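Breakdown of the fold
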Protein chains: 4
Amino acid sequence: MSDSAAKPRARDLGIPLQGRTGKHNAITDVRGVAVGHETIITGEGKLEVGIGPIRTGVTAILPRAEHSDPVFAAWSCLNGNGEMTGTTWVDESGFLSGPIMITNTHSVGVVHDSIIEWSQRTRNLKVGNPWSLPVVAETYDGFLNDINGFHVRRNHVLKALNKASGGPVEEGNTGGGTGMICHKFKGGIGTSSRTLHLADSDYVVGALVQANYGLREQLTISGVPVGLEIPDLMPEENGQTPRDSEQGSIIVVIATDAPLLPHQLRRLAKRAPLGIARVGGIGGNGSGDIFVSFSTANQNAMSDNELKTVTMLPNELMTDLFQATVLVVEEAILNALVAAKTMTGIDGNTVYAIPHERLREVLRKYNRLC
Amino acid sequence: MSDSAAKPRARDLGIPLQGRTGKHNAITDVRGVAVGHETIITGEGKLEVGIGPIRTGVTAILPRAEHSDPVFAAWSCLNGNGEMTGTTWVDESGFLSGPIMITNTHSVGVVHDSIIEWSQRTRNLKVGNPWSLPVVAETYDGFLNDINGFHVRRNHVLKALNKASGGPVEEGNTGGGTGMICHKFKGGIGTSSRTLHLADSDYVVGALVQANYGLREQLTISGVPVGLEIPDLMPEENGQTPRDSEQGSIIVVIATDAPLLPHQLRRLAKRAPLGIARVGGIGGNGSGDIFVSFSTANQNAMSDNELKTVTMLPNELMTDLFQATVLVVEEAILNALVAAKTMTGIDGNTVYAIPHERLREVLRKYNRLC
Amino acid sequence: MSDSAAKPRARDLGIPLQGRTGKHNAITDVRGVAVGHETIITGEGKLEVGIGPIRTGVTAILPRAEHSDPVFAAWSCLNGNGEMTGTTWVDESGFLSGPIMITNTHSVGVVHDSIIEWSQRTRNLKVGNPWSLPVVAETYDGFLNDINGFHVRRNHVLKALNKASGGPVEEGNTGGGTGMICHKFKGGIGTSSRTLHLADSDYVVGALVQANYGLREQLTISGVPVGLEIPDLMPEENGQTPRDSEQGSIIVVIATDAPLLPHQLRRLAKRAPLGIARVGGIGGNGSGDIFVSFSTANQNAMSDNELKTVTMLPNELMTDLFQATVLVVEEAILNALVAAKTMTGIDGNTVYAIPHERLREVLRKYNRLC
Amino acid sequence: MSDSAAKPRARDLGIPLQGRTGKHNAITDVRGVAVGHETIITGEGKLEVGIGPIRTGVTAILPRAEHSDPVFAAWSCLNGNGEMTGTTWVDESGFLSGPIMITNTHSVGVVHDSIIEWSQRTRNLKVGNPWSLPVVAETYDGFLNDINGFHVRRNHVLKALNKASGGPVEEGNTGGGTGMICHKFKGGIGTSSRTLHLADSDYVVGALVQANYGLREQLTISGVPVGLEIPDLMPEENGQTPRDSEQGSIIVVIATDAPLLPHQLRRLAKRAPLGIARVGGIGGNGSGDIFVSFSTANQNAMSDNELKTVTMLPNELMTDLFQATVLVVEEAILNALVAAKTMTGIDGNTVYAIPHERLREVLRKYNRLC
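What counts, and where the lines are drawn
- By convention here, each chain's residues receive numbers from 1 onward along its written sequence.
- Ligands are numbered from 1 and chains lettered from A, in the order in which they are written.
- pLDDT decides what is reported in this predicted model: residues at 70 or higher carry local features, side-chain atom pairs at 80 or more are listed and counted, and totals for whole chains, interfaces and linings draw on all residues regardless.
- As a rule here, side-chain values cover all heavy atoms of the structure and leave hydrogens and water aside.
- Working definition of a nonpolar core: buried Ala, Val, Leu, Ile, Met, Phe, Trp, Tyr and Cys residues. They are joined through side-chain atoms within 4.5 Å.
- Each residue is assigned to one of three classes by its accessible area relative to the maximum for its type, calculated with a 1.4 Å probe on protein chains only: buried under 20%, partly exposed between the two thresholds, exposed over 50%.
- It only takes one pair of heavy atoms within 4.5 Å for two residues to be counted as in contact.
- The copies were overlaid by least squares, fitting only the C-alpha atoms of residues that reach a pLDDT of 70 or more in each copy.
- Secondary structure elements are defined from DSSP: runs of H or I of at least 4 residues count as helices, runs of E of at least 2 residues count as strands, and each element is numbered from the N terminus.
- Should DSSP find at least two bridges between two strands, the strands are regarded as paired.
- In this analysis an axis means a line fitted to C-alpha atoms, helices contributing only their contacting stretch, and an angle means the value between N-to-C directions, from 0 to 180 degrees.
- For this document, the term salt bridge refers to a Lys or Arg side-chain nitrogen within 4 Å of an Asp or Glu carboxyl oxygen.
- This arc describes the spread of directions from the helix axis toward the C-beta atoms.
- In this scheme Phe, Tyr and Trp rings, the latter by its six-membered ring, pair at centre separations within 6.5 Å, and the angle between planes marks the pair as stacked below 30 degrees, edge-to-face above 60, and tilted otherwise.
- The term buried area denotes the loss of accessible surface (1.4 Å probe radius) that occurs when two parts are joined, taken as the sum for both partners.
- Polar contact criterion, stated in full: a pair of N or O atoms within 3.5 Å, where within protein one must be able to donate a hydrogen and the other to accept it, and residues adjacent in sequence count only if both atoms are side-chain atoms.

Attention now goes to the nonpolar core. One broad rule of soluble globular proteins: the nonpolar side chains tend to lie buried together. One finds Ile15(A), Ile15(B), Ile15(C) and Ile15(D) to be the most contacted residues of the largest nonpolar core, which totals 252 residues. Beyond its immediate sequence surroundings of up to four residues, Ile15(C) is in contact with Ala10(C), Ile221(C), Ser222(C), Leu334(C), Val338(C), Leu359(C), Leu363(C) and Cys370(C).

So, about the relation of the copies chain C and chain B. Mapping chain C onto chain B calls for a screw motion: a turn of 180° about the axis and a shift of 0.0 Å along it, with 0.0 Å RMSD after fitting. What the rotation and shift describe, once combined, is the action of a two-fold rotation axis. Every residue of chain C has its C-alpha some distance from the rotation axis, and the shortest such distance is that of Gly109(C), at 1.7 Å.

This paragraph deals with the pairing of strand S10 (residues 201-211) of chain D. All names here are of chain D. For S10, the tally of buried residues reaches nine of eleven residues, placing the bulk of the element in the interior. Direction of pairing for strand S9 (residues 188-198) relative to S10: antiparallel, over a ladder of eleven bridges. Among the inter-strand pairings, Ile189 is bridged to a residue of S10, identified as Gln210. Following S9, the chain reverses through two residues before pairing antiparallel with S10; Ala199 in that reversal takes a positive phi of roughly 50°.

Residues and elements named next belong to chain A. Strand order in the open sheet formed by four strands is S1-S2-S5-S6, with mixed pairing between adjacent strands. The open sheet terminates on both sides in strands that have one partner only, identified here as strand S1 (34-42) and strand S6 (135-139). When the angles between neighbouring strand axes are averaged without regard to direction, this sheet yields 15°. In the packing of helix H2 (residues 108-122) onto the sheet, the strands contacted are strand S2 (54-62), strand S5 (100-104) and S6, and the crossing angle to S6 comes to about 155°. Here helix H3 (residues 154-163) sits on the sheet in contact with S1, S2 and S5, set at roughly 140° to S1.

A few words on the pattern of salt bridges. Any two side chains of opposite charge can pair, on the condition that their charged atoms come close. Here the structure, examined in full by the defined rule, presents 60 salt bridges over all chains. Its salt-bridge partner being Glu171(C), residue Arg9(C) comes within 2.9 Å of it at the nearest N-O pair. Taken together, the residues Arg9(C) in the segment before strand S1 (34-42) and Glu171(C) in the loop between helix H3 (154-163) and strand S7 (181-182) connect sequence positions 162 residues apart. Accessibility classification places Arg9(C) together with Glu171(C) in one group, the buried group. Note that Asp69(D) is salt-bridged to Arg64(D), the shortest N-O span being 3.2 Å. The exposure class of Asp69(D) is buried, given its relative accessible area of 17%. Classification of Arg64(D) as buried rests on a relative accessible area of 7%.

A word on helix H3 (residues 154-163) of chain B. Residue and element names in this part refer to chain B. For H3, every residue scored as buried is listed here: His156, Val157, Ala160 and Leu161. Projected onto a plane normal to the axis of H3, the buried residues spread over an arc of 135° and lie on a single side. The secondary structure elements touched by the buried residues of H3 are strand S1 (34-42), strand S2 (54-62), strand S5 (100-104) and helix H2 (108-122).

A few words on the packing of aromatic side chains. This model, assessed by the stated rule, comprises eight aromatic pairs over all chains. For the ring pair Phe72(A) and Phe95(A), a centre distance of 5.0 Å and an interplane angle of 25° mean the geometry is stacked. Residue Phe72(A) is found in strand S3 (residues 71-80), and its partner Phe95(A) is found in strand S4 (residues 95-96); the two are separated by 23 residues along the sequence. Taken individually, Phe72(A) and Phe95(A) each receive the classification buried, so the pair is uniform in this respect. Between the aromatic rings of Trp131(B) and Tyr140(C), the centroid separation amounts to 5.0 Å while the plane-to-plane angle is 50°, which identifies the pairing as tilted.

Overlaying chain A with chain D gives an RMSD of 0.0 Å, the required rotation being 180° about an axis along which the chain moves by 0.0 Å. When the interface residues of chain A are mapped onto chain D, 100% of them are again interface residues, pointing to one common binding face.

The partner chain D presents 40 residues to the 40 residues of chain A that form the contact. In total, chain A and chain D occlude about 3,200 Å² of area from one another, counting both sides; carbon and sulfur atoms represent 56% of this. Broken down residue by residue, the surface that chain A buries against chain D is led by Asn81(A), Thr88(A) and Trp131(A), which jointly contribute 19%. Where chain A meets chain D, there are zero salt bridges. In this structure, the connection of chain A to chain D is made through 18 residue pairs in polar contact (both at pLDDT 80 or more). Put simply, the parts of the chain that give the side of chain A that touches chain D at least two residues each are S3, helix H1 (87-93) and H2 of chain A. With nine residues, H2(A) is the single largest residue contributor to the side of chain A that touches chain D.

What follows is the structure, encoded as structure tokens:
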């Protein structure tokens, strides 16, 4: 984190954002959640498929860092031009039994099988079935990365899993988010959290996004039409600006320690689009906007043979969780944008970081700078 | 029940059926579940819309007879050419807050509003919202009944609700099932139950169906091609056999006292088609095959403001519940067929009861008579 | 429309809104779509259930004003604390066969049965089934209206259907929207449209909303935190401000003449939440946020017995339709807010209109006034 | 096919089955559909993870053998304890853009990435996106196969794809079905087809299954309780019969040349469970019962930029397609059972083929032998 410590975050720039964040303003503020990134950056210049340049990686989110105890989980989708494996069993069983990993579109398979191998060898799975149905999601980094070179390998997956920890989470050009583009600025990984008080207890809602979606003109920050105000600094391909179409996606992981049952977690996942909408996203046809949510409450809820007692937050109190979910998704995207740095990849293609000072000027113009 | 007591049931005829039934072999074997029918039969001869003849009714299923405490619930659908109101909130909240009522297709509205009135005036709703979103389902009885005469009225709904009780359930031409047709024999209401032992406890699964679907040639009873063996006794319209198309539907209500969460109850509801398939149904285009399931366990699970502790059966033990669900849906349909009696309705249209002795002969031919 | 002609709309106040509207900036800009309202306002003072005061109504949207030819359609839901009947068959068949009607929560049934009666008697239904499965949606007006008095009657439904026409659409306190509340200001009916050019043709996307959702602090207009800037003028109950909880909902009807197949129309319906999010909505637990979409292209697509040739817009061109859908939903809500006038209903309960001049001041403060 | 030509099929044994089959009674009777298997069988004796014994493989189904032109498609699920990748985009877009491949549970990833590589290098993808979202499904063969040895490799995938052809399809212990178990007899790949006449045209419906599900006692063949009549010949593990639990699944691929739109193809996929139910399946908790359907009609329906004219079969004529779908799924499972041969795998574990003569005797006992 030494390097990332230097990266500013959305609030550091004076962007007005609502609500009380957790300690790290990260998904890891949900106790037990661990995040690990493995970033692969090598080579420069002309694309040679299988050689590089490489601008990719893989990110692991472990719901209960050190335990294989499954969590209640659910998923949802805004626009399905993407992949998240393992969702059918999450939906059926209400449980997520392993890590969530995010990578590039053409590395889903290797990450999938590597998780199985890791699960079979290193995890002491006491309940459930002898097989694994991993959750792996992706977004497309082929503008910057030699995506058809299939550079993510088994060892990268294991490294990301092994590095996973709590505490601050590196953002921007890191892990699965390394080569991503968001509203035609450089995107990638972002995270945020909110704390809230419900039914006499304190809870946390956190999100981690791999943000790779959106057109420039749509970009809205705290209600300000930033994309219209900064129409330049567009991605460059052979020194030209390519057609402004959406070839991206956004994966959102939502975590909470509030005791939600699977059908309630689906409700959280369905709020992710509202956070995306606040930044201007519309779920374009080319976008794979897929969301997974889980709760770290209700430990040891899975069993092979005995009744389990679990705790449920009343539906009537979920509105505050919905609001928090919308806000952490919004802020996680902004954090990804703010942390990401200008990157040049295959064939010299370049994607620019959002310019921090100009962003502040635009916020000031609309009387929204904190 | 005095009259219905005389009606035979599928097992009485020697149809081989698997599993151990509850006391009444009825949905009411799930303790607390109450069923009430209101049957409306008047007039004969030529159809005069608004006058009759009338062959219809309404059936009420109350999950917790005397209490307004909501139950965990879910729904599913095989072919959606039908209506079940209230499912959107069942799906979202995981709760069913009132009765389930079944009537004819063109009386859904009056039953809907009458339940609201009854709920607002007679139930002491302590939690949730000030509005009601009733669950009302239907099948089409327009071959025998003056369906566009809108003969189900508010008072019929209240009577069905007020008559609801535990114990034996009347089957065949009764309540919402009065004018229904099943595999081109007379159909209607049927019910069945199974008991099973899981995780050191005894549980019951029960189903109630309003059976109004299916072509004759498809009819299969305990694996025997009964429909092919009894191709006559087809419905008569003006003394002719109308085109053998499916204009029916089947509504299935599944109840259990096993402690299932909403996402697990959805799994039960999704097994209803398997029971229908065992009788030969395929969910034809004209069919509205809609299923709702609920669990009477976990009393007082709904709250406005406090955490609730609920009990969950492990997924790993659900297979036996799935098997029981398939079997009770199958047997409930057979009970509807066996209990129903030949009926003549509008314009002298006639639908015949399945002939019991011939059915036994066919079973004997295939070595399946018990 | 004489009175409503005097009502300003969002753009009249200088709210900056993107995109090119159709002639009337209304759902009726989609050729053939007709809208009719029946408004019921009588009585003042103390609530007497069954007497009044009455502040309610019903709105009809006919996809092909004068024809019973079904349209391709789909639906979606953000938060399901509400009702929209008929969706199961829309989902299964891909067709919507009659009008869409919107009323209060406790009048869904009477509207449902009245549509059936109207369909059976006045429409010449040549294809499909002999039964009707109407689409009726609702939001809750019990803060201002004697909702348990069940004041919507058969004749109101017929009047709304018979009055339905193209051209300008009355907004605010009218039809089903009469007694509705939006972000704790007076809400109701709103509409908007966009025109766009795709694949060498001009298309229109229109939305009509019955807006009854949202907390004050969430209200955002063109990115400006209006709800935080105008925290007063809250609803009054017995001269007090009631708890700021959400007991509302929003129904959205989306129409287009772009040739979309049913699975593509579902994609449009799933964008409604993004428009709601732009105004600050989050789909609170008490909200029934249900959306239906249809296309007036592909006339005569339904048949009983012959292959049909239909036209399909490529998925690749749908992104612009998504953007338009988001914008018309947003603007329809704003139009509902701007058109609605302060209303006093049962027990003197009062809901205030958003104050136009103060709204303009707030927009000016954030440099967003046009 | 020389060897498989010797394998009998269900009809050869005198099992009574309804309907008129296509020329090969196979999914390949749908013109253009090609199937290729790659089978991997090596080693005997004690399991050494990574070495063997190996009893696995991979099967490819190409909707349009020689063309990359996408087909309309849909999917459905009975019990989701399994994986089928790529479904999110199938559901969203209505299109399936490549092959469907089926393998063992722990080889989904390698097959996934290998399809991408094959698609990127060998297919001339003219429309859509630069990325691939392959459809890969699985069932679990860990009772016979060294599943954690990850023995399916890139070259096996390419071989299955390259071998794909029309004509007869090998069944039983072949391709992805090599190590599978069905109702505790040896299972694997099976296929069947039906021809039907609708709207003045002839159409074909075909299914291919990878059958790996079911308990013995449930097994029903043409209504006859075969599983109860042949309770012996159970799988052997260390010379013992393991617990009779379900650790299997069934993948069903449904193909037709009837011109169905995506929402209509979903209706076909939803009928797969009815065919499974006819053989006694109930979708046990451990089962991954996932179904995909596609139509080879409507060539060149996908476009980047222009309207397309497509043909639609009326919903009213779909009932016969539903019936055909149920029958081909049932018969494909029976063909898998009948073709499969006794297999011994890891640690000497053995699964027996269903004994053909005893099966005929049982059918005769129930007067069902043709």
